[in-house]
Amino acid sequence: MRLALIRLITLCLPAIPACLAQAQSGVSKDATFAFYFGIGAEWLPEAYSPRGFSMNVTGRYYTSERLFLDILGHWGNNEGSKDVTQGNNTTTLRDERNSLLIAAGPGYDLYQNGENTLSIHARMLIGYGLRHSEYDDFDPHYGDNGRFSHDIENTRKGFAAVGGVGVDMRFKRWIITPSVDAIYVGNAWSVSATLSVGYFY
């Protein structure tokens, strides 16, 4: 599934310059609503395999030409494994970590070109979320040989925050946006790099 999505993104990237070449003069963003859907990669340092997968759904409302409000729904997934050696034996520990959050807050277009077809924005959102982890663990300090624990489950809920920057490339009413966000949820930080497709209504 992930490999197919990566291939789809790779195939679409060469078309971006052609789409931008067809761009017409942008209309005013004031009092305009946009909807975005994005997929990408997420890095969670505490996971056994830090690089995972993420998906975003965003609603954006411009209150002026540059200032906007975002509502974000985010899902991140990290699945991986690591090998642990105990004496002469090697055991594979596995983990899966999922995060879900919803957050809202302001953003601002730091730069806009004259045709309103290219802009760079920053945003800061707060909300509520959870991080659920299922993993195996090894405690090397337990007894003489250490101890394995399997199928540990842990769910942490509460405050969530998202801060990031992105580049909006607009042609007519469509938008293509690469972005990077730092995400705090479930008492852990992660970084998400996303490619989103949006539409202005």
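Check the entry above for the structure.
Presented here is a report on the structure given in the accompanying data block. Remember, it's a predicted structure, so these values are computed and weren't measured experimentally. (Residues numbered from 1 in each chain as written. Predicted model: local features only at pLDDT ≥ 70, side-chain atom pairs only at ≥ 80, totals over all residues. Heavy atoms only, no water.)

For the rest of this paragraph, the subject is the environment of Ala 182. Within the secondary structure, Ala 182 is located in strand 7 (residues 174–185). By relative accessible area, which is 31% here, Ala 182 ends up partly exposed. For Ala 182 and Trp 43, which are 139 residues apart along the polypeptide, the C-alpha to C-alpha distance reads 9.7 Å. If we ignore the near neighbours within four places in the chain, the residues touching Ala 182 are Ala 161, Val 162, Gly 163, Trp 189 and Ser 190. (Helix = DSSP H or I, 4+ residues; strand = E, 2+ residues; numbered from the N terminus. Buried < 20%, exposed > 50% of the residue type's maximum accessible area, 1.4 Å probe, protein only. Contact = heavy atoms within 4.5 Å.)

The next point concerns the pattern of salt bridges. Applying the stated criterion to the full structure yields 8 salt bridges. The closest approach of N and O atoms between Asp 168 and Arg 60, which form a salt bridge, is 3.4 Å. Separated by 108 residues along the polypeptide, Asp 168 in strand 6 (residues 147–171) and Arg 60 in strand 2 (residues 51–62) bring together distant segments of the chain. Note on accessibility: Asp 168 and Arg 60 belong to one class, buried. Each of Arg 60, Asp 70, Arg 123, Asp 168 and Asp 181 takes part in a single network of salt bridges with overlapping partners. (Salt bridge = Lys/Arg side-chain N within 4 Å of Asp/Glu carboxyl O.)

On inspection of all chains with the given rule, the structure shows 8 aromatic pairs. A ring pair is formed by Phe 159 and Tyr 184, whose centres lie 6.4 Å apart and whose planes are at 45 degrees; its orientation type is tilted. Of this pair, Phe 159 sits in strand 6 while Tyr 184 sits in strand 7, placing them 25 residues apart in sequence. When its relative accessible area of 49% is taken as the criterion, Phe 159 is described as partly exposed. (Phe/Tyr/Trp six-rings, centres within 6.5 Å; stacked < 30°, edge-to-face > 60°.)

Moving on to the nonpolar core. Among the nonpolar cores identified, the biggest contains 8 residues, and these are Leu 72, Leu 101, Ala 103, Leu 125, Ala 160, Val 162, Ile 183 and Val 185. Elements that contribute at least two residues to this core include exactly strand 4 (89–112), strand 6 and strand 7. Contact partners of Ile 183, with chain neighbours within four places excluded, come to Glu 42, His 74, Leu 101, Ala 161, Val 162, Ala 188, Trp 189, Ser 190 and Ser 192. If you look at the next biggest cluster of nonpolar residues, it comprises 6 residues, including Ala 34, Phe 68, Ile 175 and Phe 200. (Core = buried A, V, L, I, M, F, W, Y, C linked by side-chain atoms within 4.5 Å.)

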